[in-house]
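Here's the letter readout for the chains.
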Amino acid sequence: VSGAINYTWSTNSNSNSVTVNPTVTTTYSVFGTGFSACSGQASVTVTVNPCVGIKELEWDKNIFIAPNPNNGKFNVVVNANIENAEIKIVNAIGQEVYHQNIKQGKNEINAGILSKGIYHYSIIQNKEPVNRGKILIE
């Protein structure tokens, strides 16, 4: 509904637009009126897909990062059978700055080229994240 003078949303808002953040799939409707008894109605459905597939809870007990904080050199210890796996490190703006294949056991990581700061890491197995966290490089 565009060009209306008065708006009535299913959220009880009367503005010409609304901002929503649903946790489940929800349909929103708006009714608008204008000059000369003109009116119109529209609906939009916001589909919510829950984030599933991150197996971090079952893997948290099996993957260790140490030391943390570090100087860019640290170990990833995997105490579970893992194949086709890698660690990916991203900076604060989401750019991948380092990655390395890893396997079961102790994996030495040398990301000493990275500047001091906080980075996010993900352990990926068969293209699915199984663990993630933060690394502080001092």
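Residues numbered from 1 in each chain as written. Predicted model: local features only at pLDDT ≥ 70, side-chain atom pairs only at ≥ 80, totals over all residues. Heavy atoms only, no water.

**Q** Explain the overall build of the protein chain residue by residue, including any values.
**A** Each helix and strand counted, the protein chain has one helix and ten strands in total. Ordered by position in the sequence, the α and β elements of the protein chain form the string β-β-β-α-β-β-β-β-β-β-β. Computed over C-alpha atoms, the radius of gyration of the protein chain comes to 24 Å, more than 25% over the 14 Å expected from 2.2 N^0.38 for 138 residues, which places it beyond the range of a compact globule. Projected onto its principal axes, the C-alpha positions of the protein chain cover 75 × 30 × 20 Å. Counting across all 138 residues of the protein chain, residues that qualify as buried make up 28%. Contacts spanning at least 24 positions in sequence make up 44% of the contacts within the protein chain whose residues lie at least 6 apart. Surface summary for the protein chain: the accessible area is close to 9,200 Å², and the carbon and sulfur share equals 49%. Mean positive and mean negative side-chain charge positions of the protein chain (10 and 9 charges, respectively) differ by 4 Å. (Helix = DSSP H or I, 4+ residues; strand = E, 2+ residues; numbered from the N terminus. Rg over C-alpha atoms; globule rule 2.2 N^0.38 Å. Buried < 20%, exposed > 50% of the residue type's maximum accessible area, 1.4 Å probe, protein only. Contact = heavy atoms within 4.5 Å. Areas by Shrake-Rupley, 256 points an atom, 1.4 Å probe, with all protein chains shown as cover. Lys, Arg positive; Asp, Glu negative; His and termini not counted. Charge placed at Lys NZ, Arg CZ, Asp CG, Glu CD.)

**Q** Can you break down the environment of Ala111 residue by residue, with the values?
**A** Along the chain, Ala111 falls in the loop between strand E8 (105-110) and strand E9 (117-125). Looking at Ala111, the relative accessible area reads 0%, which means it is buried. Separated by 107 residues in the primary sequence, Ala111 and Ala4 place their C-alpha atoms 57 Å from one another.

**Q** Lay out the side chain of Ser13 with the relevant residues and their values.
**A** Relative to the helices and strands, Ser13 resides in the loop between strand E1 (6-9) and strand E2 (26-33). Engagement of the side chain of Ser13 in a polar contact is seen with the side chain of Ser15, the distance being 3.1 Å. Ignoring sequence-local partners within four residues, the contact set of Ser13 consists of Tyr7, Thr8 and Val18. (Polar contact = N/O pair within 3.5 Å; in protein donor to acceptor, adjacent residues only side chain to side chain.)

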